[in-house]
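What the coordinates show
Spelled out, the chains give:
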Amino acid sequence: MEIRKNNGPLKWILIVISFLFLTIFLLLPLIYILSTAFRQGIGAYLVSISDEYTIKAAMLTIKATLWAVAVNTILGISAAWCLTKFAFRGKKILSTFIDLPVTVSPIIAGLIYVLTFGRQSDLYPILDDMGIQIIFAVPGIVLATIFVTFPFISRELIPVLTAQGTDEEEAAALMGAGTFTIFRKVTFPHIKWALLYGIVLCTARAMGEFGAVSVLSGHLRGKTNTLPLYIELLYQGYDFTGAFAASSILVLMAIIILILRLVLEKKGKKELDIKK
Amino acid sequence: MSDRNEEAYVELKEINKHFGNFHASKDVNIAIPKGKLVALLGPSGSGKTTILRMIAGLEQPDSGDIIIAGNRVNNIPGSERGIGFVFQSYALFRYMTVYDNIAFGLRVKKVPEKEIRERVSELLKLISCEGLEKRFPSQLSGGQRQRVAFARALAPNPQILLLDEPFAAIDAKVRLELRTWLKEMITKLQITSIFVTHDQDEAIEVADEIIVTNQGKVEQCGTPQELYSSPASSFVAKFIGNSTVIKNFDRFKYFEKAEEAEEAILRPEFVAVFKKGESVQYTSSAEKAVVEDIIFRGSNLEVRVKLYDNLISSLRSINEPIVEIGETVDVFIYRMFLLNKDRICLVHNQSLKQESVVI
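The structure displayed is predicted, hence computed values, not measured ones.

Glancing now at the pattern of salt bridges. Residue and element names in this part refer to chain A. Enumeration according to the criterion identifies 23 salt bridges over all chains in this entry. In this structure, Glu52 and Lys56 form a salt bridge, with 3.4 Å as the shortest nitrogen-oxygen distance. In this pair, Glu52 and Lys56 both sit in helix H4 (residues 52-85), four residues apart, roughly one turn of the helix. Look at Glu52 and you get partly exposed, because its relative accessible area is 47%.

Quick look at the nonpolar core now. Residues and elements named next belong to chain B. Counting 48 residues, the largest nonpolar core has Ile102, Ile127, Phe150, Leu161, Leu163, Ile186 and Ile210 as the members making the most contacts within it. With six residues, the top contributor of residues to this core is helix H4 (residues 142-154). If sequence neighbours within four positions are ignored, Ile186 has contacts with Leu37, Phe150, Leu161, Leu163, Ile191 and Ser193. Formed by 39 residues, the second largest nonpolar core is a distinct cluster that contains Ile15, Val28, Phe85 and Phe104.

What follows covers the pairing of strand E6 (residues 83-86) of chain B. All names here are of chain B. Alternating residues of E6 divide into Ile83 and Phe85 and Gly84 and Val86, and every residue in both groups is buried. Here four bridges tie E6 to strand E7 (residues 160-164), and the two strands are oriented parallel to one another. Note that in E7 the partner of Val86 across the bridge is Leu163.

Residue position: Thr162 of chain A is located in helix H8 (residues 138-164). Distance in space between the C-alpha atoms of Thr162 of chain A and Thr96 of chain A is 16 Å, their sequence separation being 66 residues.

What follows is about the interface of chain A and chain B. In this assembly, 20 residues from chain A lie in contact with 22 residues from chain B. Of the roughly 2000 Å² buried where chain A meets chain B, counting both sides, 65% is carbon and sulfur surface. Where chain A meets chain B, there are two salt bridges. Here Arg94 of chain B and Glu168 of chain A are joined by a salt bridge, their closest N and O atoms 2.7 Å apart. Taken together, the connections running from chain A to chain B amount to three residue pairs in polar contact (both at pLDDT 80 or more).

Within a sheet, neighbouring strands are paired by backbone hydrogen bonds and run either parallel or antiparallel to one another. Residues and elements named next belong to chain B. In spatial order, the strands read E11-E12-E18-E19; together these four strands make up an open sheet with antiparallel pairing. Of all the strands in the sheet, just strand E11 (244-246) and strand E19 (343-348) have a single pairing partner and so form its edges. The mean inter-strand angle of the sheet, taken between neighbouring strand axes irrespective of direction, is 30°. For strand E18 (residues 335-340) and E19, the ladder comprises six bridges, and the chain directions are antiparallel. In the sheet register, Leu338 faces E19, and the bridge partner there is Cys345.

What follows deals with the domain arrangement of chain A. Residue and element names in this part refer to chain A. We note that the domain assignment places domain 1 (8-37) and domain 2 (45-275) within chain A. One C-alpha centre belongs to domain 1, the other to domain 2, and the line joining them spans 29 Å. In this complex, domain 1 contributes six residues to the contact, which on the side of domain 2 involves eight residues. Approximately 550 Å² of surface area, both sides summed, lies buried where domain 1 meets domain 2, with 86% of it carried by carbon and sulfur atoms. If you sort the residues of domain 1 by the area they bury against domain 2, Ile33, Thr36 and Ala37 come out on top, with a joint share of 73%. If you look at where domain 1 meets domain 2, you find zero residue pairs in polar contact (both at pLDDT 80 or more). Of the residues contributing to the side of domain 1 that touches domain 2, the split by class is five nonpolar, one polar and no charged.

So, about the sheet that holds E6 of chain B. All names here are of chain B. The six strands lie next to each other as E6-E7-E8-E3-E9-E10, forming an open sheet whose pairing is mixed. Edge positions in the sheet fall to E6 and strand E10 (217-222), since each of these pairs with one other strand and no more. Strand-to-strand, the axes of this sheet are offset by a mean angle of 15°, without reference to chain direction.

Each value, and the rule that gives it
- Residues numbered from 1 in each chain as written.
- Chains lettered and ligands numbered in written order.
- Predicted model: local features only at pLDDT ≥ 70, side-chain atom pairs only at ≥ 80, totals over all residues.
- Heavy atoms only, no water.
- Salt bridge = Lys/Arg side-chain N within 4 Å of Asp/Glu carboxyl O.
- Helix = DSSP H or I, 4+ residues; strand = E, 2+ residues; numbered from the N terminus.
- Buried < 20%, exposed > 50% of the residue type's maximum accessible area, 1.4 Å probe, protein only.
- Core = buried A, V, L, I, M, F, W, Y, C linked by side-chain atoms within 4.5 Å.
- Contact = heavy atoms within 4.5 Å.
- Pairing = 2+ DSSP bridges.
- Buried area = accessible area lost by both parts, 1.4 Å probe.
- Polar contact = N/O pair within 3.5 Å; in protein donor to acceptor, adjacent residues only side chain to side chain.
- Axes fitted to C-alpha atoms, helices over the stretch in contact; angles between N-to-C directions.
- Domains from an automatic or database assignment.
- Nonpolar A, V, L, I, M, F, W, Y, C, P; charged D, E, K, R; others polar.

This is how it looks when you write it as structure tokens:
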């Protein structure tokens, strides 16, 4: 309690350090992105962002993100549900595997899929016969994005579900409620805000994914280039206005997500206060 | 419980249950008659909650039969066993109002909404919580939550009510009120009820019958009086009442050394403490002891005296002359339980016989 009342120098030093850090490492680069994007005037900026390949890249990013969020919402809920509500063999292993994508470098994640689905793999002829192409195609990009963003939703849900325990579900089950009813009426209201928050984090991470996607994409302009990859391509081609204009789209998307996050957090907290 | 086999309603036969290497239930046999209020009493980890959860179908026994109303229910899901369950932490649905909580079981059973409304208001009246139907569980007091959990369990008209440590999460004062309330309710509704507790006062006060468990085994079943006056095992003898275990009981005056007995048990009501000269009757046969500690219990005083290296408790009325710590007093022991493995016998002070002859 003492430390909260302390208005001495320590408080101000910490505040200054925090702001200085955020300014240098976050705010300045952000301003720089925007100023570079608009350096050759608003006309050049508009031309850059309405460029066919930029739009296609943005669409592909959105597509991959939507896929990743949809798949990971279902997988994340399932994983969190089974880890917290059931006791089974291999629970520890599963729990560790969920964290794997965070600990493994995205490049390696990309390479794993190249090795699994690429030409040298035993799976390749089977997939080829079925006319499915994964490497250097959109499915590969989606797969890589799903892999990298997998832990976000389940990791948000697990603590909430653990804190809730299994009593309420058991009570509902004893009254004869089916699994789906139990989920809809008892579990879902509880995890709603955590789930939305997890989705927000998952979305943000999916939009920005570079490493794993880079390995799998093949960098085909207008076909397998996501926004981050395309930005890299423009940058390497000394098209700074183009690169930074495309970046500004990504920044805008990130800001929208950030605002969403703030709103969700506030709403969730309000509800929690009522029902705690 | 052989004499009490008048139509067992809930029966467990030769039940065994393991959790990994932990043997949670060892050859459990119990029979509970219809309409009785029964307590499962034991220290924590003694397997009492496991028994309750197996009856509810929340756990499956490894072997043995669970029989309800004459039918083996091992393979019948808990929801079809006609059971109401009150959880230790109540497990009220915290995102539903009191009304929705109580109505949940009926809605699942697709009861028409009109009947649900009637049943819920009837139950709210029963638990004297009218007017609270729109509140969320977080907006209720501990006692109210407990009663709502009770109403929710009762809503679908179960044949059996199971309660897991129903009073554990409530503060002492409200707990006493709720105990009485619950006993009245259950007697009124005539519903077979089983509750788990680790608190012997609670079990003795509330239950018609008590099942004492220890280390996964059932030690004894019987009425509170039976457990008190004729414990069936040394565990029950030590667990029930405020018991003191005595090793060197053969040094006590007027108690014959029983060859096989290993230890003895004294309860406060077996012992009387007198100030010097206070009692005429037992002076010759009383032991001298020094008061070590006095604890004020409100309605009486617990006096602890040191006798042959044992700290022995006795109760004195607050109306009797006051004894002080360090004072030498006369201690008369009326009787004690002698334990030999699992054989127990009650022995009386032999001077009682002699003096009665004299008087």
